Amino acid sequence: MNEAFLMKILWNMINRPDDLWCKILYNKYGRNTDLRVSINAKSYDSPLWRALAGIGDQFRSHTVWQMGNGQKVNFWLDKWMTDGHSLMNHSTQQMVDTTLTVKDTLTATGEWDINFLTANLPLTIVNQLVAIPAPKDTDGPDALGWSGTNTRQFTVQSAYNLQRGNYLSIDGNWKSLLSWKGPHRIQTFMWIAAHERLLTNFRRSKWRSDISPTCSVCGNEDETIIHVLRDCIHATQIWIRLVASNHITNFFSLTCRDWIFYNMEGAHNKEWQTIFMVACWHLWTWRNKSIFEDDFRRLNNPTHVILKMAMEIDRCE
Ligand SMILES: [Zn+2]
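A quick note: this is a predicted structure, and the numbers were derived from the prediction, not measured. (Residues numbered from 1 in each chain as written. Predicted model: local features only at pLDDT ≥ 70, side-chain atom pairs only at ≥ 80, totals over all residues.)

### Notes on the overall build of the protein
The number of helices and strands found in the protein is 16 helices and two strands. Against the globule reference of 20 Å for 317 residues, the protein gives a C-alpha radius of gyration of 22 Å, in line with a compact fold. If one aligns the C-alpha atoms of the protein with their principal axes, the spans along those axes are about 65 × 45 × 40 Å. The burial tally for the protein puts 25% of its 317 residues in the buried class. The contacts of the protein with a sequence gap of at least 6 include a subset with a gap of at least 24, amounting to 59%. (Helix = DSSP H or I, 4+ residues; strand = E, 2+ residues; numbered from the N terminus. Rg over C-alpha atoms; globule rule 2.2 N^0.38 Å. Buried ≥ 20, exposed ≤ 12 C-beta atoms within 10 Å, placed from the backbone. Contact = placed C-beta atoms within 7 Å.)

### Some remarks on the nonpolar core
Core analysis: the biggest nonpolar cluster contains 28 residues, and Met190, Leu229, Met277, Val278, Cys280 and Leu283 have the highest contact counts within it. Mapped onto this core, the elements with two or more residues apiece are helix H9 (184-194), helix H11 (225-231), helix H14 (256-264), helix H15 (272-292) and helix H16 (302-316). For this core, the leading source of residues is H15, giving 10 residues. In this view, Cys280 contacts Met190, Ala193 and Leu229; residues no more than four positions away in its chain are not counted. By size, the runner-up hydrophobic cluster in this structure holds 16 residues, among which are Ala4, Leu6, Ile55 and Phe154. (Core = buried A, V, L, I, M, F, W, Y, C linked by C-beta atoms within 7 Å.)

### Concerning the environment of Arg208
Note on placement: Arg208 falls in the loop between helix H10 (201-207) and H11. Under the C-beta neighbour-count criterion, Arg208 is labelled exposed, with 12 such atoms within 10 Å. In this structure the C-alpha to C-alpha distance between Arg208 and Thr274, which are 66 residues apart in sequence, comes to 35 Å.

### Structural notes on the pairing of strand E1 (residues 63-66)
The two faces of E1 differ: Thr63 and Trp65 on one face are buried, but Val64 and Gln66 on the other face are not. As defined by bridge partners, E1 adjoins strand E2 (residues 143-146) across four bridges and the pair is classed as antiparallel. When the bridges of E2 are listed, Thr63 appears paired with Trp146. (Pairing = 2+ DSSP bridges.)

### Remarks on the domain arrangement of the protein
Considered domain by domain, the protein is made up of domain 1 (2-62 + 147-166), domain 2 (67-139) and domain 3 (173-316). If you average the C-alpha positions of domain 2 and of domain 3, the two centres end up 37 Å apart. (Domains from an automatic or database assignment.)

### Quick look at the environment of Ile114
With respect to the element layout, Ile114 can be found in helix H5 (residues 114-120). The class for Ile114 is exposed, based on 12 C-beta atoms found within 10 Å. Separated by 124 residues in the primary sequence, Ile114 and Ile238 have C-alpha atoms spaced 53 Å apart.

### Thoughts on the packing of H9 against H15
Interhelical geometry of H9 versus H15 gives an angle of 80° and a closest axis separation of 10 Å. The angle between H9 and H15 places the two elements in the roughly perpendicular class. Counted together, Ile186, Phe189, Met190 and Ala193 of H9 and Met277, Val278, Cys280, Trp281 and Trp284 of H15 form the full contact between these two elements. Counted by class, the contact of H9 with H15 contains nine nonpolar, no polar and no charged residues. (Axes fitted to C-alpha atoms, helices over the stretch in contact; angles between N-to-C directions. Parallel < 35°, antiparallel > 145°, perpendicular 65-115°, else oblique. Nonpolar A, V, L, I, M, F, W, Y, C, P; charged D, E, K, R; others polar.)

### Regarding unusual backbone geometry
The residue Arg152 is not glycine, and still its phi comes out positive at about 65°. In this structure, Arg152 sits in the loop between E2 and helix H7 (156-169). One non-glycine residue with positive phi stands out, namely Glu196, at about 55°. Considering the arrangement of structural elements, one finds Glu196 in the loop between H9 and H10. Overall, Glu196 belongs to the partly exposed group, with 15 C-beta atoms counted inside 10 Å.

Here it is as structure tokens:
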């Protein structure tokens, strides 16, 4: 239920930004970002703000745009079509301008621009799209809706139901992740990783033409999730020390999602689940630091740090 309440807080901050407590929280931590698009936390922010940032991705996956004048809705990235997907998945072009709002794509007279649409989208999608009335200035501002209720208004119960459904939506044994007793931030991280939603260079490059898909650490391969967490040189060196030798071949041959679930189920022994999750979380954290912090140096003894934290977590259980 905890996450459903956090989502309620986020919902209120987005839809009732003038409430005093929303103003205070946003002014302190919001850093002028649009909470509908992203929510960032620093390690020294309050636990509440960090928890809100932790559920940001899941929250967004449950929101849909209700079109008003089309000035805020992002044409490619936001989910505003009736099928609940973003148009990004349907683009027929290699590169698209992801800064376009829906309003930007209309003709000068405010109609759907058929030339633009057919040049960028398959005909079936264009047909669905032009069936929607083009947004007009008189329609008022765009609004964010909640996908869990028919009224598009948020309720805690619907958020709870959506979260439960979401956990079960992708095949795999989520039980081992949900019953894990370690830090919530690591649990959430693994949840996002298992849904293949980490913002790697490879994923970001699909949205923005100025971002390279290549790994910025080794420069050898596309930076996919499995690359950061297993196949990049730093990761491989760590795993070779952690994984028992008779499991090595299997460990390095599974595909991303199978690999995550197999290891989260504690494939090797009882302690393995925690070691695996802690190691993945550290690999991602170190990857971020090496990109965003100029003075970051990689540790000499990363496996020691991982094993120590894993032991402390299991001891507290
Ligand atoms: Zn690499």
